[in-house]
Amino acid sequence: MDLGLSEEQEMLKKSARDFLQKECPKRLIRQLDESEGGYSSELWRRMAELGWMGLVFPENYGGSGRNFLDLAILLEEMGYNILPGPFFSTVILGGLTILAAGSEEQKTELLPKIARGEMVLSFALTEPSASYDAASVKTKAIARDGEYVIKGTKLFVLNANVADYILCVARTRGTTDPEDGITVFLVDARSPGLTCTLLNTLARDKQCEVIFDNVTLSGKSIVGKRDEGWPIVKDILQKAAVAKCAEMVGGAQAALDMAVNYAKERVQFARPIGSFQAIQHYCANMAMDVSGSRFVTYKAAWKVSEGLPAALDAAIAKAWVSEAYGRVALSAHQIFGAIGFTMDHDMHLYYRQAKAAEIIFGGADFHRAIVSHELGL
Amino acid sequence: MDFAFSEREEAFRKEVEDFVAKELPGDWVEKNIYWPAGYGTLAQFEELSPQVEQFTRRLAEKGWLTISWPNEYGGAGLSHTEQAIFHERMSYYRAPAGEIATRIGGPTIMLFGNEEMKKEWLPRIARGEVRFWLAYSEPNAGSDLSSIQTRAIDDGDDLIINGQKIWGTAAHVSHYAWMVVRTDPTAPPHKGISLVIVDNAAPGVTIRPLMNICGFYSFNEVFFDNVRIPKRNIVGEMNKGWYYLMVALDFERLAIPMGGFRRTFEEIVQYARETKRNGQAVSQEPLIRNRLANMAIQIEVAYMLFWQTAWMLDRSLVPNIEASLLKLFTTELSQKLANTGMQVMGHYGQLEGTSKWSSLYGRVCLGCLDCISALVGAGTSEIQRNIIAMRGLGLPSK
């Protein structure tokens, strides 16, 4: 058992921390939050130059050939700094799906473009029912003369408004088993009939309503096999949950660091507030939450990296970290008092991230249900 | 990063399993009512039943009471991770696996005792021939341990001790007190304390067992009336005892019975599966499933904190804040597990083991009581949080 990072991993972590601190300061984050697109193409380009997008793509597809664990380390730093933009939807939801299920032609065409930062992807799964189960997929893809016509509404779709392509999960066949008859399609975002509306969300994370009004696709736009798309979705949801946990761990660490530093400096009753037990105990609880969260997250990431069954560990991580980041963010707010309640202060940026991350890919109760199922309860 | 155990470690785990299957009496693990991370049901181990004695002897023969100790001191010379694997498995079966001398006294002597002390004590401890009890707290010195008043006066070759200790678990069934005394009342409190070993059989030592709320005589009040000890029983240097005590406390906090959590949880799950309520198994009720899943998750988190401390020790890193995090998390988990057990069992959770209709040998009933000690003993949760905050995060004390 080795719970430390390799030299390479330490370097990745440090370089990411330094880069983001310099190139993505809070000032820029606020600007991007208020903008429609939500990301800086200059920053995007530089991230691509660093090899971040293609980190886990095999080298023959233009990537660096590193593993999911390395990606988790990078994501933790993104969570630590907060990084607005479509990295997660492009690389994790889009890139990993194509890597896992795309045809050789699709991989050869798309992965290098993603790695070079030339393509933004989105993943349209959830519908107004806002559930992650197969039965909730009601968007239809009707076959017609070798083509497919997609009709339905997707909701809470990350970065659809800036995507070049949207992976759409639709039902190609109605059967008694809801997990049967689902297909993943790669849709050109400029397709006629596709309308994207930005939702105003807590975390300003550019989630969209995407209406597919008889969007026509060729048969070549299927990723994986027709009617057999649900296993692809399940697999990517599992990876996405773990990836989100890595981000959350970073965010929770940042909240802890901010709160501890403030507690050392802020003076009330003629002493730093960090000398009061109540504050100290909040900080200790936060340290406990961050530490435990980091371990269960990396254990799950390691299992994904090694290609080992990760369903239980992913669910454990997402259930725990979802609530842990929330606790940490609230405790940190408590330490900041009124100043933390101002828009100008940075604390609420992390709190918003925590709430959004809690929900996406299933919240704590959803994942606890998976845990009880995996345990055979 | 690698979360898998090595082949050697897996083989060792199997060796431990085989040993327990062979040496532990058949119904021990079911009937033993020890609650994980509680301090009040430890009494069972301390009671000198022939079975415990025999099992402990077998462990000593293999050097397994002191797994990570060097061979020269009677240990098995294995890694801290292997020692952790041993304790995880032992605690899973609720088996005796050493006590204060092997897990706290010996390791502290190895770090700070002089050669004479090491030769005199370590082999005997490794053979399981001596049991220590912790003589720390006093009626007026609990969390505020540096305010102890028990006095040791220099008398040439000896120290003469007067005072009183309280809450010493298993003092009544041990041989020696591992004790902190004030040797210099003129120095600042932390700088006038010495760590000494006192023979229970010495004239002037009076031990009075106290009954805890679980109904066991687990801890004691002990009076010292002009008790004479030789100066060679001072651990390390005189008046440096506070520093050694901090290390001894870390050793204590690392000694968490992780396997006990897993075992007890499995038993509660099994109960939930086998028991029907309103026409369905208790384990099918959504809220119960949610709570059980929550426990499984927290046990996983606890395991990671546990393995982390072993990994650190193997890399010669000192798990200081990590020991407090582990102790804090697992003891609070002990309480949550007891609450979950009660929620699962409902009315049946309140039945004592001896009662008609009781299940799981009344373990949950006892656990609800014992878990109260978990947040208090070996440094209260509040003290652990203070340590994490001040020593770990660098927050100021004033």
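Conventions used here
- Residues numbered from 1 in each chain as written.
- Chains lettered and ligands numbered in written order.
- Predicted model: local features only at pLDDT ≥ 70, side-chain atom pairs only at ≥ 80, totals over all residues.
- Helix = DSSP H or I, 4+ residues; strand = E, 2+ residues; numbered from the N terminus.
- Rg over C-alpha atoms; globule rule 2.2 N^0.38 Å.
- Contact = placed C-beta atoms within 7 Å.
- Expected span 1.5 Å × (residues − 1).
- Buried ≥ 20, exposed ≤ 12 C-beta atoms within 10 Å, placed from the backbone.
- Arc of directions from axis to C-beta.
- Core = buried A, V, L, I, M, F, W, Y, C linked by C-beta atoms within 7 Å.
- Nonpolar A, V, L, I, M, F, W, Y, C, P; charged D, E, K, R; others polar.
- Domains from an automatic or database assignment.

Engineer: I would appreciate a short explanation of the overall build of chain A in the present structure.
Structural biologist: Regarding its fold elements, chain A presents eleven helices and ten strands. Rg of the C-alpha trace for chain A: 21 Å, near the compact-globule value of 21 Å for 377 residues, within the 12% margin. Sequence separation of at least 24 residues holds for 74% of the intrachain contacts in chain A that already meet a minimum separation of 6.

Engineer: It is not clear to me how helix α7 (residues 115-126) of chain B should be interpreted in this structure. Could you clarify?
Structural biologist: Quick reminder: α-helices carry 3.6 residues per turn. Residues three or four places apart thus point the same way. Residue and element names in this part refer to chain B. Taking 1.5 Å per residue as the helical rise, α7 with its twelve residues ought to reach 16 Å, and the 16 Å between its terminal C-alpha atoms agrees with that figure. Those residues of α7 that fall on the buried side of the exposure criterion are Trp121, Leu122, Ile125 and Ala126. Taken end-on, α7 shows its buried residues confined to a sector of 120 degrees, consistent with a single buried face. Seen from the buried face of α7, the exposed residues on the opposite side, beyond 90 degrees, are Glu116 and Lys119. Looking at the buried side of α7, the elements it contacts are α4 (50-61) and α6 (100-112). At the exit of α7 stands Gly128, carrying a positive phi of roughly 75 degrees.

Engineer: When you look at the nonpolar core in this model, what are you seeing that I'm missing?
Structural biologist: Note that soluble globular proteins tend to have their nonpolar side chains buried in a common cluster. Counting 247 residues, the largest nonpolar core has Phe185, Ala259 and Cys283 of chain A together with Trp178 and Val196 of chain B as the members making the most contacts within it. It is helix α7 (residues 230-265) of chain A that contributes the most residues to this core, 20 residues altogether. Not counting the four nearest positions on each side in its chain, Cys283 of chain A is found in contact with Ala259, Val260 and Ala263 of chain A together with Ala389, Leu393 and Leu395 of chain B.

Engineer: Please clarify how the interface of chain B and chain A should be interpreted in this entry.
Structural biologist: Where interface size is quoted, it is often the accessible area lost as the parts come together. With 36 residues of chain B at the interface, the matching set in chain A holds 37 residues. When residues of the side of chain B that touches chain A are traced back to their parent elements, those giving at least two are α10 (286-314), α11 (320-345) and α13 (381-392) of chain B. It is α10 of chain B that provides the largest number of residues to the side of chain B that touches chain A, a total of 14 residues. A per-class count over the side of chain B that touches chain A returns 23 nonpolar, eight polar and five charged.

Engineer: Hey, could you run me through the environment of Ala201 of chain B in this one?
Structural biologist: Residue and element names in this part refer to chain B. With respect to the helices, strands and loops of the structure, Ala201 is situated in the loop between β5 (193-199) and β6 (205-211). Residue class for Ala201 comes out exposed when judged on the 8 C-beta atoms lying within 10 Å of it. Along the primary structure Ala201 and Ser174 are separated by 27 residues, whereas in three dimensions their C-alpha atoms are 10.0 Å apart.

Engineer: Any chance you could explain the domain arrangement of chain A here in plain terms?
Structural biologist: Residues and elements named next belong to chain A. Along its sequence, chain A is carved into domain 1 (7-119), domain 2 (123-227) and domain 3 (231-374). On a C-alpha basis, the centroid separation for the pair domain 2 and domain 3 is 30 Å. At the interface, nine residues of domain 2 touch ten residues of domain 3. Here the side of domain 2 that touches domain 3 is composed, by residue class, of six nonpolar, two polar and one charged.

Engineer: Would you mind going over helix α4 (residues 68-81) of chain A with me for this structure?
Structural biologist: Look at α4 of chain A: 20 Å from first C-alpha to last across 14 residues, which is about the 20 Å you get at 1.5 Å a residue. Burial within α4 of chain A is extensive, with 14 of its 14 residues counted as buried.

Engineer: Even after reading the chapter, I still don't get the domain arrangement of chain B, so can you show me in this structure?
Structural biologist: All names here are of chain B. Here chain B is described as being made up of domain 1 (7-126), domain 2 (132-240) and domain 3 (248-392). The distance between the C-alpha centroids of domain 1 and domain 2 comes to 25 Å. Taken together, the contact pairs 18 residues of domain 1 with 15 residues of domain 2. Every element with two or more residues in the side of domain 1 that touches domain 2 is listed here: α3 (43-46), α6 and α7. At seven residues, the largest contribution of residues to the side of domain 1 that touches domain 2 is made by α6. Tallied by class, residues from the side of domain 1 that touches domain 2 come to ten nonpolar, five polar and three charged.

Engineer: How should the environment of Ala124 of chain A be read in this particular structure?
Structural biologist: Residue and element names in this part refer to chain A. Secondary-structure assignment places Ala124 in strand β1 (residues 121-124). Given 32 C-beta atoms within 10 Å, Ala124 falls into the buried group. Note: C-alpha distance between Ala124 and Glu358 (234 residues apart in sequence) is 19 Å. Those residues in contact with Ala124, other than ones at most four positions away along the chain, are Lys154, Val157, Ala160, Ile166, Leu167, Cys168, Val169 and Val210.

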